[in-house]
Amino acid sequence: MEYGIVGLIVFALVGLLVKKRTKKRNQRNKKDYQNWNIELLNALEWKRFEEVIARYYELIGYRSEVTRMGADGGVDVVLYQQGVQTPAIIIQCKSWSNKVGVKAIRELYGVMAGEGIEYGVFATTSGYTQEAIDWADGKRLQLMNGDDFITAFNQLPEDQKIQLLQFATSGEYTTPSCPSCDTKMIQRTATKGKSAGSVFWGCTNYPRCKQTFKMT
Ligand SMILES: [Zn+2]
């Protein structure tokens, strides 16, 4: 009888411990962010990054249009002041780990001139080469890096900050989209060549679409 009670208590304690651990794990998995940080920004796939940038500028009062799909090249987001038909700002987004060089900045400036748009923003999760920073100096160009966006996002009013966080992390937000097909890519393993065995992102429409991304 006494043995039975001790057993019951031990059982209950173990049960409580397991329950507590499970709860902790679930909380971690939920990724309920309260603030923006660089890890989260870096984890966003390129398209979600672009959408978050567009949403941010909407929150601070612009109307936005995502103009072109593509992980590289072209202007990605165009901003309008409310009630105005001509674009106020063009934004080129690049969510990659390399520093952005002067060539990409020149291209953005070229598009601004061509389209007659006064102001350009380059948006990246990483940073810029010194050459790019020097070249942009004195021009109507703003070079925004990951830290700049973290600061800007966290300075939004609390409800807007949370809204942007929820928008960024809703659904599958880390798997890259195929720029050609607008579908989520899948993990593939190279079977031949010198990179055989390496894992990469491939399009679900392969072999019709041969778009790939390196796994970061
Ligand atoms: Zn594709």
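Residues numbered from 1 in each chain as written. Predicted model: local features only at pLDDT ≥ 70, side-chain atom pairs only at ≥ 80, totals over all residues.

**Focus on the pairing of strand 3 (residues 89-94)**
The side chains of a regular strand alternate between both faces of the sheet. The condition is simple: Any residue with 12 or fewer other C-beta atoms within 10 Å of its own C-beta is exposed, any with 20 or more is buried, and the rest are partly exposed; the C-beta atoms used are placed from the backbone. Helix and strand definitions here come from DSSP, where helices need a minimum of 4 consecutive H or I residues and strands a minimum of 2 consecutive E residues; each element is numbered from the N-terminal end. Whether two strands pair depends on DSSP finding at least two bridges between them.
Judged by how many residues are buried, strand 3 sits mostly within the fold: five of six residues are covered. Where strand 2 (residues 77-81) and strand 3 come together, three bridges link them in antiparallel fashion. Bridge pairing in strand 3 links Leu79 to Ile89. Across six bridges, strand 3 lies against strand 4 (residues 119-124) in parallel orientation.

**What about helix 4 (residues 102-115)?**
Heads up, the rule is: In this scheme, a helix's expected span is set at 1.5 Å multiplied by one less than its residue total. It is the directions from the helix axis to the C-beta atoms whose arc is reported.
For helix 4, with 14 residues, the first-to-last C-alpha span of 20 Å sits near the 20 Å given by 1.5 Å per residue. Those residues of helix 4 not exposed but buried are Ile105, Leu108 and Met112. Projected onto a plane normal to the axis of helix 4, the buried residues spread over an arc of 60° and lie on a single side. Those residues of helix 4 that are exposed and aimed more than 90 degrees away from the buried face are Lys103, Gly110, Ala113 and Gly114.

**Regarding helix 7 (residues 158-169)**
In an α-helix, one turn spans 3.6 residues; hence positions three or four apart end up facing the same way. This is how it is decided: The contact rule is simple: place each C-beta atom from the backbone, and if two of them lie within 7 Å, those residues are in contact.
Between its first and last C-alpha atoms helix 7 spans 17 Å; for twelve residues at 1.5 Å apiece the expected length is 16 Å, and the two agree. For helix 7, the full list of buried residues reads Leu164, Leu165 and Ala168. Burial along helix 7 is one-sided: seen end-on, the buried residues are contained in an arc of 100°. Exposed side chains of helix 7 directed beyond 90 degrees from the buried face belong to Asp159 and Gln166. At its buried positions, helix 7 is contacted by helix 3 (46-59) and helix 6 (146-154). Phi turns positive one or two residues past the end of helix 7, at Gly171, with a value near 65°.

**A word on the nonpolar core**
The cut-off we apply is this: When buried Ala, Val, Leu, Ile, Met, Phe, Trp, Tyr and Cys residues are joined through C-beta atoms within 7 Å, the set is termed a nonpolar core.
By size, the foremost hydrophobic cluster in this structure holds 32 residues, and its most contacted members are Val52, Ile53, Val77, Leu79 and Ile91. Looking at this core, the element that brings in the most residues is helix 3, giving seven residues.

**Considerations on the sheet that holds strand 3**
How we decide: Only the contacting stretch of a helix is used when fitting its axis, a line to C-alpha atoms as for every element, and angles between N-to-C directions run 0 to 180 degrees.
Ordered in space as 1-2-3-4-5, the five strands form an open sheet in which the pairing is mixed. Looking along the sheet, the strands with just one partner apiece sit at the ends: strand 1 (62-66) and strand 5 (141-144). Between one strand axis and the next, the sheet turns by 20° as a mean value, whatever way the strands run. This element, helix 4, spans strand 3, strand 4 and strand 5 of the sheet and lies at about 145° to strand 4.

**Topic: the sheet that holds strand 6 (residues 186-189)**
An order of 6-7-8 is seen for the three strands of this open sheet, with the pairing classed as antiparallel. Each edge of the open sheet is held by one strand with a lone partner, namely strand 6 and strand 8 (212-214). Pairwise comparison of adjacent strand axes, ignoring direction, gives a mean angle of 40° for this sheet. In terms of strand pairing, strand 6 meets strand 7 (residues 199-202) through four bridges, oriented antiparallel. By the bridge assignment, Thr189 is partnered in strand 7 with Val199.

Note that every value here comes from positions in space, so none of it alone points to a role or purpose.
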